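One-letter residues, chain by chain:
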Amino acid sequence: MARLSGKIALITGVSAGIGLAAARLFASEGASVFGVDRNVEAGQTLADELNEQGMNFEFFAADLSDRQTAIAVVEQCYRRYNRIDILYNNAGISSIEPFTAVAPETLENLFAINFMATFYLCQQVIPHMQQQKSGVIINTASELAIVAQPLYSAYCATKGAVLSLTRALALEYARENIRINALCPGPIDTALLNQEFEQEADPIKAKAESVALMPIGRLGTPEEIAQVALFLASDAPQLMQGVALLVDGGKTII
């Protein structure tokens with residue numbers, strides 16, 4: 001039996017990378033996926049692909065840096081399906097620069113997408129989960145919510161905030177059958193990570209150095225992270241609450 005049969009899953013950041021892989025996987029496992037992204041063309045292409053395969057996927061174009069948009073996303077999803085079983089806050093952006101060079105607008109944009117969108121979506125979804133007496137929330141933090149890395153100070157701050165929020169919400173709603181955990185990927189071979197490499201003087205060397213830090217000898221794939229997200233979204237991990245689940249190929253144990 002499909003692991004998410006009959007479930008309604010709201011996933012953000014579905015146009016590429018981990019979100020794209022998760023949307024495909026969750027839909028293939030029987031979920032009706034409400035996918036959100038600001039990339040209209042990529043989102044609609046994904047909708048066409050999955051619908052042609054007989055899967056249930058609906059795309060909603062939205063820029064989650066705005067609170068009212070986050071509210072509209074949840075309202076539209078609930079209006080369409082009348083419940084939300086899974087919220088997967090996956091959308092995120094990064095920034096690489098010295099701490100003293102971080103501009104206010106850069107910091108505000110990072111927090112708007114990485115943290116505030118997660119905060120507001122949780123705030124809108126949890127009352128619905130309380131009414132239905134069940135729900136799963138997966139918040140994307142990062143290995144950099146746990147360990148540090150030079151030139152990522154602002155990004156680390158946003159992901160640390162996501163992790164702290166996840167733990168606080170998990171504790172607050174544990175008795176209401178709402179399971180809330182944080183997924184903390186390490187370096188994953190996505191367009192976002194490759195954009196970071198391209199900012200370096202020697203992108204090929206930068207990628208090789210990143211791979212060298214991985215005990216498994218390679219970067220992770222979006223599909224591998226999607227599989228872990230599927231596990232968290234399923235009914236299997238009933239005792240996992242407020243967990244920071246590191247999926248980093250062993251990088252942080254070096």
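Note that the structure is a prediction, hence the values are computed from the model and not measured.

Cut-offs used in this document
- Think of each chain on its own: its residues are numbered from 1, step by step along the sequence as written.
- Predicted model: local features are reported for residues with pLDDT of at least 70 only, side-chain atom pairs are reported and counted for 80 or more only, and whole-chain, interface and lining totals are derived from all residues.
- Only hydrogens and water are removed before side-chain values are computed, so all heavy atoms of the structure are retained for them.
- Runs of H or I in DSSP of at least four residues are treated as helices and runs of E of at least two as strands, each being numbered from the N terminus.
- Each polar contact in these results corresponds to two N or O atoms within 3.5 Å; when the atoms are within protein, one needs to be able to donate a hydrogen and the other to accept it, and residues that are neighboring in sequence are counted only if both atoms are side-chain atoms.
- Cavity and pocket criteria rest on a 1 Å grid covering protein atoms alone: a 1.4 Å probe that fits but cannot get out defines a cavity, protein on both sides within 12 Å along at least 5 of 7 lines defines an open pocket, and an atom within 4 Å of a point defines a lining residue.
- Grid points are joined across faces, edges and corners, and a volume is the space filled by probe spheres set on the points.
- Just so you know the grouping, Ala, Val, Leu, Ile, Met, Phe, Trp, Tyr, Cys and Pro go in nonpolar, Asp, Glu, Lys and Arg go in charged, and all remaining residues, Gly too, go in polar.
- Between any two strands, at least two bridges found by DSSP are needed for them to pair.
- Axes here refer to lines fitted to C-alpha atoms; in helices the fit is confined to the stretch in contact. Angles between the N-to-C directions go from 0 to 180 degrees.
- Pairs of residues are marked as contacts when any of their non-hydrogen atoms sit within 4.5 Å.
- The salt bridge criterion pairs a side-chain nitrogen of Lys or Arg with a carboxyl oxygen of Asp or Glu, the two atoms within 4 Å.
- The scheme is simple: roughly parallel for angles under 35 degrees, roughly antiparallel for over 145, roughly perpendicular for 65 to 115, oblique for anything else.
- Note: crossing handedness is left-handed where the near helix turns anticlockwise from the far helix by less than a right angle, and right-handed where it turns clockwise.
- Here the term buried applies to any residue with accessible area under 20% of the maximum for its type, exposed to any over 50%, and partly exposed to those in between, with areas from a 1.4 Å probe on protein chains only.
- In this context, the arc is that of the directions from the helix axis out to the C-beta atoms.

> Explain the side chain of Asp85 to me, using residue names and the numbers behind them.
Tracing the backbone through its elements, the reader meets Asp85 in the loop between helix H3 (67–81) and strand E4 (86–89). Looking at Asp85, its side chain comes within polar contact range of the main-chain nitrogen of Ile8, at 2.8 Å.

> I'd love a proper account of the layout of surface pockets, names of residues and values included.
To find the voids left in a structure, one rolls a probe of water-molecule size over its atoms. Size it by volume and the largest pocket reaches roughly 1300 Å³. Residue assignment for the lining of the largest pocket shows that the elements contributing at least two residues are helix H1 (17–28), strand E2 (32–37), helix H5 (153–173), helix H6 (191–198) and helix H7 (203–212). At six residues, the largest contribution of residues to the lining of the largest pocket is made by H6. Within the lining of the largest pocket, the residues separate by chemical class into 24 nonpolar, 15 polar and eleven charged. Here the second largest pocket is characterised by a volume of approximately 250 Å³. Those elements giving two or more residues to the lining of the second largest pocket turn out to be strand E5 (135–140) and strand E6 (178–185). The residue inventory of the lining of the second largest pocket, partitioned by class, reads six nonpolar, six polar and four charged.

> I'd like a description of the sheet that holds strand E7 (residues 244–247), backed by residues and values.
In space, the seven strands of this open sheet follow the order E3-E2-E1-E4-E5-E6-E7, with parallel pairing throughout. The sheet terminates laterally at strand E3 (57–61) and E7, the two strands that pair on one side only. Direction aside, neighbouring strands of the sheet carry axes that sit 20° apart on average. By the bridge criterion, six bridges tie E5 to E6 in an arrangement that is parallel. Within E6, the residue paired with Ile138 across the bridge is Asn181. Relative to strand E1 (residues 8–12), H1 is tilted by about 170°, and along the sheet it contacts E1, E2, E3, E4 and E6. Packed on one face of the sheet, H5 meets E5, E6 and E7 and runs near 160° to E6.

> Could you give me a rundown of empty space enclosed by the protein, with the residues and numbers involved?
A complete count under the given rule lists one cavity of 30 Å³ or more for this structure. Its boundaries defined by the atoms lining it, the largest cavity holds a volume of some 40 Å³. As for the largest cavity, its lining consists of Thr12, Leu64, Asn89, Asn90, Ala91, Ile113, Ala117, Thr118 and Leu121. Examining the composition of the lining of the largest cavity, we find that four residues originate from one element, helix H4 (residues 104–132), more than from any other. A class-by-class count of the residues in the lining of the largest cavity yields five nonpolar, four polar and no charged.

> How would you explain the pattern of salt bridges if you had to name every residue and give the values?
Applying the stated criterion across every chain, the model contains eight salt bridges. Note that Arg3 and Glu29 form a salt bridge whose closest N and O atoms lie 3.0 Å from each other. Pair noted here: Arg3 is in the segment before E1 and Glu29 is in the loop between H1 and E2, with a separation of 26 residues, a long-range link.

> Can you lay out the packing of H3 against H4 for me, pointing to particular residues and giving the numbers?
Where H3 contacts H4, the axes come no closer than 8 Å and their chain directions differ by 30°. Between H3 and H4, the angle is such that the two are roughly parallel. Considering only the axes of H3 and H4, their crossing is right-handed. Touching Arg67, Ala70, Ile71, Val73, Val74 and Tyr78 of H3 are Tyr120, Leu121, Gln124, Val125, His128 and Gln131, all from H4. A per-class count over the contact of H3 with H4 returns eight nonpolar, three polar and one charged.

> Could you give an account of H6, with specific residues and numbers?
Residues Leu193, Glu196 and Phe197 constitute the buried set of H6. Seen from one end, H6 has its buried residues packed into an arc of 100°, which puts them on one side. On its buried face, H6 sits against H7.

> Got a sec to walk through the environment of Leu151? Specific residues and values, please.
Its location among the elements puts Leu151 in the loop between E5 and H5. Spatially, the C-alpha atom of Leu151 lies 8.2 Å from that of Ser95, the residues being 56 residues apart in sequence.

> Pulling in residues and values, what's your account of the side chain of Glu29?
Since its relative accessible area comes to 14%, Glu29 is described here as buried. Only 2.9 Å separates the side chain of Glu29 from the backbone nitrogen of Arg3, close enough to count as a polar contact. Leave out the neighbours within four places in its chain, and Glu29 touches Ala2, Arg3, Leu4, Ser5 and Leu230.

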